[in-house]
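# Report on the structure
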Amino acid sequence: MDERRICLKVNGKQYDEMAETRMTLVDFLREKLGLTGTHIGCEHGVCGACTVLLNGTAVRSCLMFAVQAEQGEIATVESLAEGGELHPLQKAFCEHHALQCGFCTPGFLMTACAFLQENHAPSVDEIRLAISGNLCRCTGYESIIKAIAAASRVMQHQGMRAPYRTYPISTK
Amino acid sequence: MKPAPFQYHDPRTVDEVVSLLGRLGEDAKILAGGQSLVPLMNFRLARPRHLVDINKVSSLDHIREEDHHLVIGALARQRMIEFSELVHRKNPLLIEACRQIGHPAIRNRGTVCGSLAHADPAAEWPALALVMDASLVVRGPKGERHVPASDFFLSYFTTCLDPRELVVEVRVPELPPGAGSCFLEVSRRHGDFALVGAAVWLTADASGICADCGIALAGVAACAVRARAAERRLKGERLTDSLFAKVAKSIPDELDPTSDLHASAEYRRKVAAEIVRRALGIARQRMGKS
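Residues numbered from 1 in each chain as written. Chains lettered and ligands numbered in written order. Predicted model: local features only at pLDDT ≥ 70, side-chain atom pairs only at ≥ 80, totals over all residues.

A word on the overall build of chain B. Broken down by element type, chain B carries 12 helices and 14 strands. Relative to a compact globule of 290 residues, whose C-alpha radius of gyration would be 19 Å, chain B shows 19 Å and is just as compact. Each principal axis of the C-alpha distribution contributes one length, and for chain B these read about 60 × 45 × 35 Å. Every one of the 290 residues in chain B was classed for burial, and the buried ones make up 53%. (Helix = DSSP H or I, 4+ residues; strand = E, 2+ residues; numbered from the N terminus. Rg over C-alpha atoms; globule rule 2.2 N^0.38 Å. Buried ≥ 20, exposed ≤ 12 C-beta atoms within 10 Å, placed from the backbone.)

Next comes the structure, spelled out in structure tokens:
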């Protein structure tokens, strides 16, 4: 069995765990770290439910091995609420009924989180494009689009509240 | 656990990668962005015994300009192309195509060279490499070689790469001065693989006569296809709507699409002709602006 020691930061907290190298990042988060907020859907990169932030950018955690996140910084849906207060995106999702069963919601929230860091005042079309890689079987998407638009307005007023740290996208 | 067990390697230099590949041969697969390989491994359609992860080879993380070419390293992600000011100036066709690849989270990880080595006939990069006459810089135990894109792709998911070789970088010529370009694709949903994709560029002389051009298509044969006959019909002619319509009509003659769940071969032929016609019109509008 090929095992590695994996040191990484998740939601600002340092972890140090042994894992098989074939363990995907999403399984590592859920099974080794007990962070079950990130959901596993299709396991081949189509549904977007497992989206997390790696060093500030959205990635599919089913398409990475945990060993590849060594020394990285991950943000999951658990990082959004602070001190019992929901993140503006979470509040907007509640207010606009942007979830029913909730299975896809962690992926939508983290996708929207990364997107709003890049685009502070998105149009509806831009939001549609941004979430085109996330599947929701309940809502029909309209309420999700409204929620993200509403959250972007709130976040413009309150200032950006990134999960814990953002990185500029490399443009070299 | 989804993937079958494998031995994981994370070399730091290209030399280490090449020596690992030389030793492991066909038992090894290279892991770059993983956006095609890891799904195959999760389904156990791919069961490599060794995985050579190149993500820590920092010397491959480049997009640079060299002798009128964009040189794109094996670890340059699709999103780096999308946001690159250099690529925007030198070859905006690449950016237009990149924005149609998957979704942002996929493009954050997926690499240009990985897409080329994967050689999905419906993917954007093989068509881009063909239409621009790009060349791939490949390194293996016998040293380095430069492979023209036209020799690189052999069939579905098959290239001339030896299992012991690594695509180190791809060299994409910049668009000629004053060229107009366009990338269009038709897919069932945004971000899906294209049913058909078309990459075109055009240049014209002062009197509006086509000086040079390129047309390539994705999703219409076992590899991406360069529509050479259509290009010959454009060169030396005035770039009018009626010429575009005539040339587009002949496009299906150069294609060999198959039918599948998503579209029939006949539909793909029709779509190919139509998007080439539209792409030529848009490329003409964009001429002279670069």
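Right, let's get into the overall build of chain A. Counting its regular elements, chain A contains five helices and five strands. Counting from the amino terminus, chain A carries its helices and strands in the arrangement β-β-α-β-β-β-α-α-α-α. Taking 2.2 N^0.38 as the reference for a compact globule, 172 residues should give roughly 16 Å; the C-alpha atoms of chain A span a radius of gyration of 16 Å, in line with that estimate. Dimensions along the principal axes, computed over C-alpha positions, put chain A at roughly 50 × 40 × 30 Å. Counting all 172 residues of chain A, 48% fall into the buried class.

Here the focus is the interface of chain B and chain A. Every contact between the two is made by 30 residues of chain B and, on the other side, 31 residues of chain A. Within the residue set of the side of chain B that touches chain A, elements represented by two or more residues are β1 (7-9), α2 (37-42), α3 (78-82) and α6 (104-109) of chain B. Ranked by residues supplied to the side of chain B that touches chain A, first place goes to α6(B) with five residues. For the side of chain B that touches chain A, the per-class residue count stands at 14 nonpolar, 11 polar and five charged. (Contact = placed C-beta atoms within 7 Å. Nonpolar A, V, L, I, M, F, W, Y, C, P; charged D, E, K, R; others polar.)

What follows concerns the sheet that holds β1(B). The strands making up a sheet associate through backbone hydrogen bonding, with each pair oriented either parallel or antiparallel. Residues and elements named next belong to chain B. Ordered by their spatial adjacency, three strands build an open sheet running β1-β3-β2, and the pairing between neighbours is parallel. With partners counted over all chains shown, the strands left at the sheet margins are β1 and β2 (28-31), one partner each. Pairs of neighbouring strands in the sheet enclose a mean axial angle of 25 degrees, with direction left out of account. Inspection of the sheet shows β1 paired to strand β3 (residues 50-53) by three bridges, in the parallel sense. (Pairing = 2+ DSSP bridges. Axes fitted to C-alpha atoms, helices over the stretch in contact; angles between N-to-C directions.)

Next up on the list: the nonpolar core. By size, the foremost hydrophobic cluster in this structure holds 150 residues, and its most contacted members are V200(B), L217(B) and V276(B). The contact partners of L217(B), leaving out residues within four places of it in the chain, are A127(B), V196(B), G197(B), A198(B), A224(B), V225(B), A227(B), L255(B) and A272(B). (Core = buried A, V, L, I, M, F, W, Y, C linked by C-beta atoms within 7 Å.)

With that out of the way, let us pick up the domain arrangement of chain B. Residue and element names in this part refer to chain B. Domain annotation of chain B identifies domain 1 (7-53), domain 2 (58-173) and domain 3 (181-286). Taken over C-alpha atoms, the centre of domain 2 sits 21 Å from the centre of domain 3. At the junction of the two partners, domain 2 supplies 21 residues and domain 3 supplies 21 residues. Per-class residue counts for the side of domain 2 that touches domain 3 are 14 nonpolar, five polar and two charged. (Domains from an automatic or database assignment.)

Moving on, we get to the domain arrangement of chain A. Often, the extent of an interface is quoted as the loss of accessible area upon association of its parts. All names here are of chain A. Parsing chain A into structural domains produces domain 1 (3-79) and domain 2 (88-158). Taken together, the contact pairs 13 residues of domain 1 with 12 residues of domain 2. Those elements giving two or more residues to the side of domain 1 that touches domain 2 turn out to be β3 (51-54) and β4 (57-60). Per element, the largest residue contribution to the side of domain 1 that touches domain 2 is three residues, and it comes from β3. Taken together, the residues that form the side of domain 1 that touches domain 2 break down as seven nonpolar, six polar and no charged.

The backbone of H97(A) shows a phi angle near 55 degrees, a positive value even though the residue is not glycine. Residue placement: H97(A) occurs in the loop between α2 (88-95) and α3 (105-118). Positive phi is not limited to glycine here, since A119(B) has a value of about 60 degrees. Counting through the fold element by element, A119(B) comes out in the loop between α7 (112-118) and α8 (124-131).

Residues and elements named next belong to chain B. Strand direction decides the pairing type here: strand β4 (residues 63-66) and strand β5 (residues 69-73), joined by four bridges, are antiparallel. Directly across from I63, in β5, lies its bridge partner I72. Taken together, β4 and the strand that follows it, β5, pair antiparallel across an intervening segment of two residues, in which D67 is found at a positive phi of about 55 degrees. Sheet topology note: the β5/strand β10 (residues 166-173) ladder contains five bridges and is antiparallel. Bridge pairing in β10 places H69 opposite P173.

A word on the sheet that holds strand β2 (residues 13-20) of chain A. Residue and element names in this part refer to chain A. Read across the open sheet, the five strands follow the order β2-β1-β5-β3-β4; overall the sheet is mixed. The sheet is open, and its two edges are formed by β2 and β4, each paired on a single side. Averaged over neighbouring strand pairs, the angle between their axes works out to 40 degrees when direction is ignored. Across eight bridges, the pairing between strand β1 (residues 3-10) and β2 is antiparallel. Considered in β2, the bridge of V10 is made with K13. The strands touched by α3 are β3 and β4; relative to β3, the strand with the most contacts, the crossing angle is about 40 degrees.

An α-helical turn contains 3.6 residues, so any two residues separated by three or four positions project in the same direction. Residues and elements named next belong to chain B. Of all eight residues making up α8, eight are buried, and the element is well covered by its neighbours. Within the span of α8, buried status applies to E124, W125, P126, A127, L128, A129, L130 and V131. The positive-phi residue at the C-terminal boundary of α8 is D133, with phi of around 55 degrees.

Let's shift gears to helix α12 (residues 265-286) of chain B. All names here are of chain B. Between its first and last C-alpha, α12 extends 31 Å over 22 residues, near the 32 Å set by a 1.5 Å rise per residue. Among all positions of α12, only R268, V271, A272, A273, I275, V276, A279, L280, A283, R284 and R286 are buried. Looking at the residues trailing α12, positive phi occurs at G288, about 80 degrees. (Expected span 1.5 Å × (residues − 1).)

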